[in-house]
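Residue-level structural notes
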Amino acid sequence: MSRKHRDLSNQEEQFRLSPVAKLVKAAVFVSLTSSLAFAAQAQESSAPTSADVDDELEIINVVGTRKTIQDQIAIKREATTVVDGLSSDDIGELPALSIGEALESITGAASHRENGGATEITIRGLGPFLSATHINGREATNGSGDRSVNFSQFPSELMRKVAIYKTQDASMIEGGVAGVITLETVQPLDFGKQRIQGEVKLNYNPDEGNIDNSLQSDVGYRGTFSYVDQFELNNGQSLGVSLGVQRQDISQPEAEYRSSSPSGTSLWPCLNDPSNTNEGFYRSSAGDCEDQVSGSSNQGYQTGINPETGKAYSDGTPYAWTGSSRSYRQNETLDERDAFFLAVQYRPTDAWDINIDAQLSDRTQEEARHDLIWLQKRVTPGVTGQNLITNEVGGILHWEGEERFESAGEQFSREENYVGYGINIEHYTTDALTINLDLAYSQTKREELQISNRGRTANRPFFTWDMGEYIPSITVTDFDVSDIANFTDSLRTRLDRENVRENEIMSARLDFEYLLDSGMFRAVKGGLRVSELTFLQLGGTEGTGSRTEYALDSSAPEALGILENCQIDFPESSFLSSVSDGNLITNVDSDGNVISSGTGSSWATYDNVCFSQAVVSLSGGDFAYPELEYENAGTIDVTEKTKAIYTMVDYDTEMFGKIVRGNFGLRIVNTEVTSVGFRSSFNVLVDEQGILSLQKNAINESIVGGGSYTEVLPSFNFVMDYSEDVLLRAGIYRGMSRANPGNLGYSRDFQTDDDLAPTSIADLIVGVNGSGNPDTKPLMSWNYDLAVEWYPNEDSIVALGLYYKQFQGGYQQTTVLENFNIEGQDYSLPITNSVTTDDESEIIGLEASLAYRWDSGIGIKLGYNYADSNFEFEDSLYGDTFVTDVEGNTTQLTAGIIEPAGVPGFSEHVFSGQLYYQVGDFDTALIYKYRSDYFQPYTTDGTRLRYVDEVGVWEARASYKINSNIRVKVEAINLFSAPKSQDFFVRNNLGEVNDYGPRLFAGISLKY
């Protein structure tokens, strides 16, 4: 087989398109009079005779949205796995403002939105922790402590191809149960032409026009430049070079309503029982609803098991979800990104192909936040409980009482730096044998800095609040929130450095492909891969960070001066107007008459840096962010080493009179995890009577834990050309999803029993407290896909697929024995930690795609995914929780009051629709994306339930090609300002609403 034939046969890996997708023949469909004629028309579009071709063939250069959809159809048709993708002939032609938005247009893909744009991507309704992302065939790092990728970090203008593999073969890097997302930059020699291109997009956000933004102007921009060229050298050598740079400087306006988070320390189900005057909302004296009037403190509804009844201590008692506070937040924002992509391709001879590529991205996000906070948990006797109105899940709809207000502020910045590079050497050893070596490196660094300020009221004004359609509104009696003099009590500032993380992946891969002469088996492939992932998160005084705090006395005479000197006008008009029912705050007198001052949707605000510097100065401190340290109990230092080997056979033959093709193979993966933690060093002391005690020292010492596992991952893919335009497709593979690196830490501290007068270490140290489990096993699954696909022509597809995933694994608190060396001797001590269980669950789903274009230039593309699952994820505070001891005995610890969630990121329904119109040089499209509600873990390990409500988002774009070199474009996302709404612990307990507003872009691109 010739090398040319070999290259074309490997179309899936290279996304090479069918030749028919590059032509539109002159003898096309007859006119369509109605959509009912679709099937008949498709059959009339048969290939022309040779005479017709000689006389009438006309080559039409298809571009724009139509070309993109044709390429999507061709990618899917020619693949041997279930795959959907986007490609473009030119850099910068992917039809989306970001990689996230581009991926959302693929059937079954949806995004989690942050700052109004697509960030993490889910596949078939399954969360990003079940997916993997590869750039140019290599794993990508991130700064989040998990394995998802923030796609807003990568500019779509510098990507040429993106795809989602929904089934896998043995050659693919393991890690994606839901699927594998691949991004590909241009290879300059394969690109085959010189291209110099520049583009400038101006960004205007209508909501930004209402903001006096101290960080950014009303109009932002994105500037992109790319260059691709090829050079013929001596002796038949060739060299290709491509580079791209982008500068983004925009704002990301966001207005918020917020409730206390479900962290476990600020949101509780407080008792709402009229017969209980000792605690809860009906307590007889003023105080916090989760504290008793007398006796020991408690945390509201008690889910612990009462041994006398076998039920929760608070079983049957009504409750309401009450946080320590609620707030409105106004944001001034800045989003800057500098990106650089480089590729060099060198062919010294026809037998060698050498590619070197690099990607760099530096992104800075800043926010100046201004909060109006009203404290929530204090009970006014005779008022709060008697007037409380809740919904069926205990979410509060109406509240009354006396409590403090705060004018608070935060100055936040996050810097994230990504660098990835690699070299790929392909050697055509013979006409049959190809060897490929790939060496790669990827690194992401992230750091967050934050100033947090507070000024509060000295007294507690009386107020009520009522839940509106989206967010609550407040009515306050004789209290002006716009008067800065009302917030002079307890001024405080905090300077935090936190979430300092570094994630690195180094990898080496050696693959071969050997072409066979056999009629059935086309090629044998195989290879091995080694990689080392490291994740480091520095610890500090606050665990994941360090904090320096300064405060003034409640009666400090300088407080008013600080506030007045730093006061600013409220930065935004029409704040939260699209999600509120009118004024956010109404100030009334004792007779209920409205007072104009203090009524509206604004409050007294100040410059955060000015406020913080003043408080620090008066406190005699230095205005500086604290440092973090490596030798700290909060440090997470994980090294994950992976070795994998695979073999795979490609087949292409005839069966039952039909052409069938595909592959089958086996991948074996070994993973070893080493985790370094720190704890206080200690001495074992012995008194005169021989009684032992443990003395902790100020000096930290390192401790090391770890684990390993080996998994076997078979795969089989099958495609049958049932007819000229109908394909039958099937796939089976075993997948694995590893635990997040941030959950593989090793924080341990000894439990002692001093009451029993221990005389030996075995009696003294009875167990271990800690977090993180480096021996966490992966979540395994068997995955089955079956699909039928109809391709009437280059512009059309009707595809229906069914899939089934059987998971083995869940998460449960289990007591296990870990080995520790104490005073030179080894001890096995029990620790209760989150482990992967052997529980089985399943997901069954349906996926449908439809695309069609009429002769008028109007076309549609629709994608829908439905999934159902019995996977259960219990909240660790208010769900059913269990513990299994070292002997395997399971005991229920709590009887929960909330239903378990499903798979993190799981949506039952995902839909994307696109209506486009393209005639001549004019191209326009209207896009709608819908996702039903889903569980988004609040904490890193996902032990707190948080739900993101369903949302539908509209986008639009249009472009006009002035000539072969100039094109103008306009684009918009979130056209109708769809907010993001979140519920805490349980659906319908509103926790947060984020209002982004639409984002508008207009630009011009020049290419030569």
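Residues numbered from 1 in each chain as written. Predicted model: local features only at pLDDT ≥ 70, side-chain atom pairs only at ≥ 80, totals over all residues. Heavy atoms only, no water.

1. Focus: the overall build of the protein chain
- Looking only at helices and strands, one finds eleven helices and 53 strands in the protein chain.
- The C-alpha radius of gyration computed for the protein chain amounts to 31 Å, which stays within 12% of the reference 30 Å derived for 1008 residues, consistent with globular compactness.
- Reported as C-alpha extents along the three principal axes, the dimensions of the protein chain are approximately 95 × 75 × 55 Å.
- When the 1008 residues of the protein chain are sorted by exposure, 57% land in the buried category.
- Taking contacts inside the protein chain between residues at least 6 apart in sequence as the whole, the part at least 24 apart equals 74%.
- In the form shown here, the protein chain has an accessible surface area of approximately 40000 Å², with 51% of it arising from carbon and sulfur atoms.
- Each charge class in the protein chain was averaged separately, 76 positive and 148 negative side chains, and the resulting centres sit 6 Å apart. (Helix = DSSP H or I, 4+ residues; strand = E, 2+ residues; numbered from the N terminus. Rg over C-alpha atoms; globule rule 2.2 N^0.38 Å. Buried < 20%, exposed > 50% of the residue type's maximum accessible area, 1.4 Å probe, protein only. Contact = heavy atoms within 4.5 Å. Areas by Shrake-Rupley, 256 points an atom, 1.4 Å probe, with all protein chains shown as cover. Lys, Arg positive; Asp, Glu negative; His and termini not counted. Charge placed at Lys NZ, Arg CZ, Asp CG, Glu CD.)

2. Points about the packing of aromatic side chains
- As enumerated under the stated definition, the model contains 30 aromatic pairs in all.
- Note on Phe 570 and Phe 575: the rings are 5.7 Å apart at their centroids and 80 degrees apart in plane angle, and the pair reads as edge-to-face.
- Relative to Phe 985, the ring of Tyr 878 has its centre 5.2 Å away and its plane inclined at 85 degrees; by these criteria the two rings are edge-to-face. Here Tyr 878, found in the loop between strand 42 (858–869) and strand 43 (881–884), pairs with Phe 985, found in the loop between strand 51 (980–984) and strand 52 (990–995); they are 107 residues apart in sequence, far enough to count as distant. (Phe/Tyr/Trp six-rings, centres within 6.5 Å; stacked < 30°, edge-to-face > 60°.)

3. So, the environment of Ile 106
- As for its placement among the helices and strands, Ile 106 is situated in the loop between helix 6 (99–104) and strand 2 (109–114).
- Along the chain, Ile 106 and Asn 298 lie 192 residues apart, while their C-alpha atoms are 49 Å from each other.
- Sequence-distant contacts of Ile 106, defined by excluding residues within four places in its chain, comprise Gln 72, Asp 84, Gly 85, Leu 86, Ile 164 and Lys 166.

4. Some words on helix 5 (residues 64–78)
- Relative to the 21 Å expected for 15 residues at 1.5 Å per residue, helix 5 spans 21 Å between its end C-alpha atoms, a close match to the ideal helical length.
- The buried count for helix 5 comes to 13 of 15 residues, which makes it a mostly enclosed element. (Expected span 1.5 Å × (residues − 1).)

5. Observations concerning the nonpolar core
- Judged by nonpolar contacts, the single largest core of 102 residues is most densely connected at Leu 103, Leu 130, Phe 154, Leu 183, Phe 281, Tyr 328 and Phe 405.
- In contact with Leu 103, other than residues within four places in its own chain, are Ala 109, Ile 121, Phe 151, Val 162, Ile 164 and Ile 181. (Core = buried A, V, L, I, M, F, W, Y, C linked by side-chain atoms within 4.5 Å.)

6. So, the packing of helix 9 (residues 559–566) against helix 10 (residues 608–618)
- The geometry of helix 9 relative to helix 10 is characterised by a closest axis approach of 9 Å and an angle of 150 degrees between their N-to-C directions. Put simply, helix 9 runs roughly antiparallel to helix 10. Read as a crossing pair, helix 9 and helix 10 show a hand that is right-handed. Every residue of helix 10 that contacts helix 9 at Ile 562, Leu 563, Asn 565 and Cys 566 is listed here: Cys 610, Phe 611, Ala 614, Val 615 and Leu 618.
- Of the residues assigned to the contact of helix 9 with helix 10, the class counts are eight nonpolar, one polar and no charged. (Axes fitted to C-alpha atoms, helices over the stretch in contact; angles between N-to-C directions. Parallel < 35°, antiparallel > 145°, perpendicular 65-115°, else oblique. Left-handed = near helix turned anticlockwise from the far one by under 90°. Nonpolar A, V, L, I, M, F, W, Y, C, P; charged D, E, K, R; others polar.)

7. Comments concerning the pattern of salt bridges
- Throughout the structure, instances matching the rule amount to 50 salt bridges.
- Measuring nitrogen to oxygen at the nearest pair gives 3.8 Å for the salt bridge that ties Asp 489 to Arg 404. You can see Asp 489 sitting in strand 24 (residues 489–515) and its partner Arg 404 sitting in the loop between strand 19 (396–402) and strand 20 (405–428), a full 85 residues away along the chain. Judged on exposure class, the residue Asp 489 and its partner Arg 404 are both buried.
- Two residues, Arg 446 and Glu 416, come together in a salt bridge whose shortest N-O distance is 2.7 Å. Here Arg 446 is found in strand 21 (residues 433–456), whereas its partner Glu 416 is found in strand 20, with 30 residues between them in sequence. (Salt bridge = Lys/Arg side-chain N within 4 Å of Asp/Glu carboxyl O.)

8. Examining the sheet that holds strand 7 (residues 179–184)
- One open sheet accounts for five strands, arranged 1-6-7-4-5; its pairing is mixed. Two strands close off the open sheet at either side, each with one partner strand: strand 1 (83–87) and strand 5 (138–139). (Pairing = 2+ DSSP bridges.)

9. Some thoughts on the environment of Gln 982
- By secondary structure assignment, the location of Gln 982 is in strand 51.
- Contact partners of Gln 982, with chain neighbours within four places excluded, come to Arg 946, Tyr 947, Val 948, Asp 949, Asn 989, Leu 990, Gly 991, Glu 992 and Asn 994.

10. Quick word on the state of the cysteines
- In the structure shown here, the tally under the stated rule is two disulfides.
- Each sulfur in the disulfide pair Cys 566 and Cys 610 lies 2.0 Å from the other. Across the S-S bond linking Cys 566 and Cys 610, the dihedral sits near -70 degrees, which makes this disulfide left-handed. Placement of Cys 566 in helix 9 and of Cys 610 in helix 10 is noted, with a sequence separation of 44 residues between them.
- Accessibility expressed as a relative area gives 3% for Cys 566, which makes it buried.
- Classification of Cys 610 as partly exposed rests on a relative accessible area of 26%.
- Cysteine pairing for the protein chain, with bonded cysteines counted in sequence order: 1-2, 3-4. (Disulfide = S-S within 2.5 Å.)

11. Thoughts on the side chain of Ser 327
- In this fold, Ser 327 is placed in strand 15 (residues 325–347).
- The contact partners of Ser 327, leaving out residues within four places of it in the chain, are Glu 256, Tyr 257, Arg 258, Leu 372, Ile 373 and Trp 374.

12. Points about unusual backbone geometry
- Non-glycine residue Asn 499 carries a positive phi angle of around 50 degrees.
- Following the sequence through the fold, Asn 499 ends up in strand 24.
- Relative accessible area serves as the criterion here: at 14%, Asn 499 is assigned to the buried category.
- Of note, the phi angle at Phe 985 is positive, near 70 degrees, even though the residue is not glycine.
- Look at Phe 985 and you get buried, because its relative accessible area is 0%.

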